[in-house]
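Here's the letter readout for the chains.
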Amino acid sequence: MATRIRKNVWTLPANDETLIWYERAVEALWDRDLEDPTSWFFMGAVHGQPQNFPDIPGSGQFWNQCQHQSWFFLPWHRGYITAFEAVVGKAVADLGGPQDWALPYWDYSQPLSENPNARRLPVAFREPTKSDGTRNFLFSRRRVVVNGDFGFPDDVVSLDALDHEDFTNDTPGFSSGFGGPQTGFHPGGGDNGALESTPHNDIHVWIGGSGGFMANPATAAFDPIFWLHHCNIDRLWEVWRNADPSHVSPPSPLWRTGQTFSMHDGDGAAFTFNSEEMLDSTSVLHGFQYDGVPPAVEPAIPAEEFVMAGKEPELAGASEAPVKLRGAMTTAGVKLDTSVALISGAEAPGTTRRVHLHLEGIKGRGMPGSYRVMLDLPDDALPPAIIGTLSPFGLEQASNPDGPHGGNGLAVTYEITKLAFALGLSQGDANRLQIRFQRMFDDSEAFGQVPGLEQIAPTEQQPDIEIGRINLYFD
Ligand SMILES: [Cu+2]
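Residues numbered from 1 in each chain as written. Predicted model: local features only at pLDDT ≥ 70, side-chain atom pairs only at ≥ 80, totals over all residues. Heavy atoms only, no water.

A.B. asks: Would you take a moment to explain the overall build of the protein for this structure?
C.D. replies: Within the protein, the regular secondary structure consists of 9 helices and 14 strands. With 475 residues in all, the protein has 58% of them scored as buried. Pairs at least 24 residues apart make up 75% of the contacts formed inside the protein by residues separated by at least 6 positions. Summed over all atoms, the accessible surface of the protein reaches about 19100 Å², with 49% contributed by carbon and sulfur. (Helix = DSSP H or I, 4+ residues; strand = E, 2+ residues; numbered from the N terminus. Buried < 20%, exposed > 50% of the residue type's maximum accessible area, 1.4 Å probe, protein only. Contact = heavy atoms within 4.5 Å. Areas by Shrake-Rupley, 256 points an atom, 1.4 Å probe, with all protein chains shown as cover.)

Structure below.
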């Protein structure tokens, strides 16, 4: 069968039937038994098993498999959405639709000058019923808004992740690279790769808010928009790989062949894959390519493990106690070590160091939604500067002391070099910073009873979130 082409959902022609067939197939998948590996419920639980879901034969091996805060994030999700595409594609063909149905992607980062609707939920996902009055299976009441406009700000759809040169990086306090930190099999906890952090985590939490399916890995894949979001994240992996020959995949056999994942294909037959097998998209199951992204060219595997340019990072400041995020705004102090300078006299003139703000030990329960992270110097006359967004996707899983990460929580890194210079941190006379966390929304009351969806209970706990330590590193 020909390689399937995944297209931008917002630029499908007016008479295109991709989403009409998607909706019909989702209904067909809903009708299948939980025990059927091609059912909507089984496939959603492959990502995460909701709190009140029963265990079934095979659930231990096939459910709760999602890879987050890991260098397996991209290859695992590629296998997952392609398996889903195979299942939906077979349902579409069985219903009399095209043989080559492909998952469309939602490019929320497309410039608004090109597509004013880019940040809006595609129309087919918005209404509870179709034009004939019957249920729309692409609708989910468990989203923050139902009219399609989430109001994503620029920092939530930012593609700065594409500027990262390395796929993975393990230097403490640094960003862990485009693709995420080196881990074993890892359902969550620790540092996020740049793409996983933004836009991936941000979009999840902005859609799911503090009670919706998308905000929690245990329920995210039960919202039909999940698959178009992840299709876009997967496309951005191809964009990054093709943008520069230095953007190579990890040569380490630990990444390439060291971890095997199990799933089911369109016929419900189990299959396994590793990361290396995900590199050529045309040979993943039925094979697929993205409209508008040139074919991937994987350069020769470099002989040596690539390492971060620069020196060992130096800790230039840290918070003195854990910070509990409460109410609309929380302010935390960070004491600076003024002996650590941004520009060192021993270096060549003009040599600059990069500055990284590192949040670690982010723990809690429930789904608190997103926070805007801001930096302020207490004594200057300037308003706080925005650093980025904190979207704690996977908070509960990463906080579970019995979990694979021992409950060490999540970690996030923001590179703030430009801002540090603009604020004069290089002068060495500022000895205190303030980091502010502004809660972006509170919609905990927004979700009512959900007809037909009672079997997937959201987490019914008041959100509670704490940041173990805030660090400032100079490299
Ligand atoms: Cu996701």
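Read on for the rest.
A.B. asks: Is there a simple way to think about the confidence of the model for the protein in this case?
C.D. replies: Any segment with low pLDDT has predicted coordinates that should not be analysed in fine detail. Taken over all residues, the pLDDT of the protein has a mean of 87, while the share at 70 or more is 87%. pLDDT under 50 marks residues 300–309. Its contacts with residues more than four places away, or in other chains, come to 20 contacts. (pLDDT = per-residue confidence, 0-100.)

A.B. asks: Could you clarify how one ought to interpret the packing of aromatic side chains in this entry?
C.D. replies: Aromatic ring pairs are reported here in terms of the distance separating the ring centres and the angle at which the planes meet. Here the structure, examined in full by the defined rule, presents 31 aromatic pairs. Note on Phe288 and Tyr290: the rings are 5.5 Å apart at their centroids and 80° apart in plane angle, and the pair reads as edge-to-face. Taken as a pair, Phe288 and Tyr290 share a single burial class, namely buried. Among the aromatic residues, ring-to-ring pairing joins Tyr22, Trp40, Trp76, Tyr80, Phe84, Trp101, Phe125, Phe226 and Trp227 into one connected group. Looking at Arg24, its charged tip hangs above the ring of Trp21, at a distance of 4.6 Å from the centre. Between Arg241 and the ring centre of Trp237, over which it is positioned, the NZ or CZ distance is 5.8 Å. (Phe/Tyr/Trp six-rings, centres within 6.5 Å; stacked < 30°, edge-to-face > 60°. Lys NZ or Arg CZ within 6 Å of the ring centre and 35° of its normal.)

A.B. asks: Looking at this structure, how should I read the UniProt feature "domain: Tyrosinase copper-binding" (unreviewed entry) in the protein?
C.D. replies: Those residues carrying the UniProt feature "domain: Tyrosinase copper-binding" (unreviewed entry) are residues 223–234 in this numbering. As annotated, residues 223–234 comprises 83% helix and 0% strand, and the C-alpha atoms at either end are separated by 18 Å. (UniProt positions renumbered as here; feature names shortened; annotations may be inferred.)

A.B. asks: I keep staring at the nonpolar core and nothing clicks. Help me out?
C.D. replies: Across soluble globular proteins, you tend to see nonpolar side chains buried next to one another. Counting 84 residues, the largest nonpolar core has Tyr22, Trp40, Trp106, Phe152 and Trp227 as its most contacted members. For this core, the element with the most residues is helix 4 (residues 73–94), which contributes 11 residues. Here Trp40 is in contact with Tyr22, Val26, Leu29, Trp30, Phe84, Ala221, Phe222, Asp223, Pro224 and Trp227, once residues within four sequence places are set aside. Within the second largest apolar cluster, 38 residues are counted, among which are Leu342, Ile362, Ala420 and Leu472. (Core = buried A, V, L, I, M, F, W, Y, C linked by side-chain atoms within 4.5 Å.)

A.B. asks: When you look at the pattern of salt bridges in this model, what are you seeing that I'm missing?
C.D. replies: Proximity of charged atoms lets side chains of opposite charge pair with each other. With the rule as written, the count across this model stands at 17 salt bridges. Between Glu85 and Arg6 there is a salt bridge, with the nearest N and O atoms lying 2.9 Å from each other. Placement of Glu85 in helix 4 and of Arg6 in strand 1 (residues 4–6) is noted, with a sequence separation of 79 residues between them. Given a relative accessible area of 0%, Glu85 falls into the buried group. Owing to a relative accessible area of 0%, Arg6 belongs among the buried residues under this scheme. The network of salt bridges with common partners includes Arg6, Arg78, Glu85, Asp234, Glu238 and Arg241. (Salt bridge = Lys/Arg side-chain N within 4 Å of Asp/Glu carboxyl O.)

A.B. asks: It is not clear to me how the packing of helix 1 (residues 18–30) against helix 2 (residues 40–47) should be interpreted in this structure. Could you clarify?
C.D. replies: Axes are the key here: two packed helices are described by the angle between their axes and the distance separating the axes. Remark: helix 1 packs on helix 2, axes separated minimally by 7 Å, with the N-to-C direction vectors making an angle of 95°. Comparing the axis directions of helix 1 and helix 2 gives the class roughly perpendicular. Residue-level inspection shows Tyr22, Val26, Leu29 and Trp30 of helix 1 in contact with helix 2, the latter providing Trp40, Phe41 and Met43. Taken together, the residues that form the contact of helix 1 with helix 2 break down as 7 nonpolar, no polar and no charged. (Axes fitted to C-alpha atoms, helices over the stretch in contact; angles between N-to-C directions. Parallel < 35°, antiparallel > 145°, perpendicular 65-115°, else oblique. Nonpolar A, V, L, I, M, F, W, Y, C, P; charged D, E, K, R; others polar.)

A.B. asks: How do you make sense of unusual backbone geometry when you look at a structure like this?
C.D. replies: The general pattern is negative phi for most residues beyond glycine and trans for most peptide bonds. Omega for the peptide link from Thr198 to Pro199 comes to 5°, which places this bond in the cis form. Here the phi dihedral of Asn64 falls at roughly 55°; this positive angle occurs in a residue that is not glycine. You can see Asn64 is positioned in the loop between helix 3 (59–62) and helix 4. A positive phi is found at Leu285, a non-glycine position, where the angle reads about 45°. Structurally, Leu285 can be placed in the loop between strand 4 (270–273) and strand 5 (288–290).

A.B. asks: How should I be thinking about the environment of Glu23 in this particular structure?
C.D. replies: Among the secondary structure elements, Glu23 is positioned in helix 1. For Glu23 and Phe139, which are 116 residues apart along the polypeptide, the C-alpha to C-alpha distance reads 9.3 Å. There is a polar contact of 3.0 Å between the side chain of Glu23 and the side chain of Lys130. (Polar contact = N/O pair within 3.5 Å; in protein donor to acceptor, adjacent residues only side chain to side chain.)

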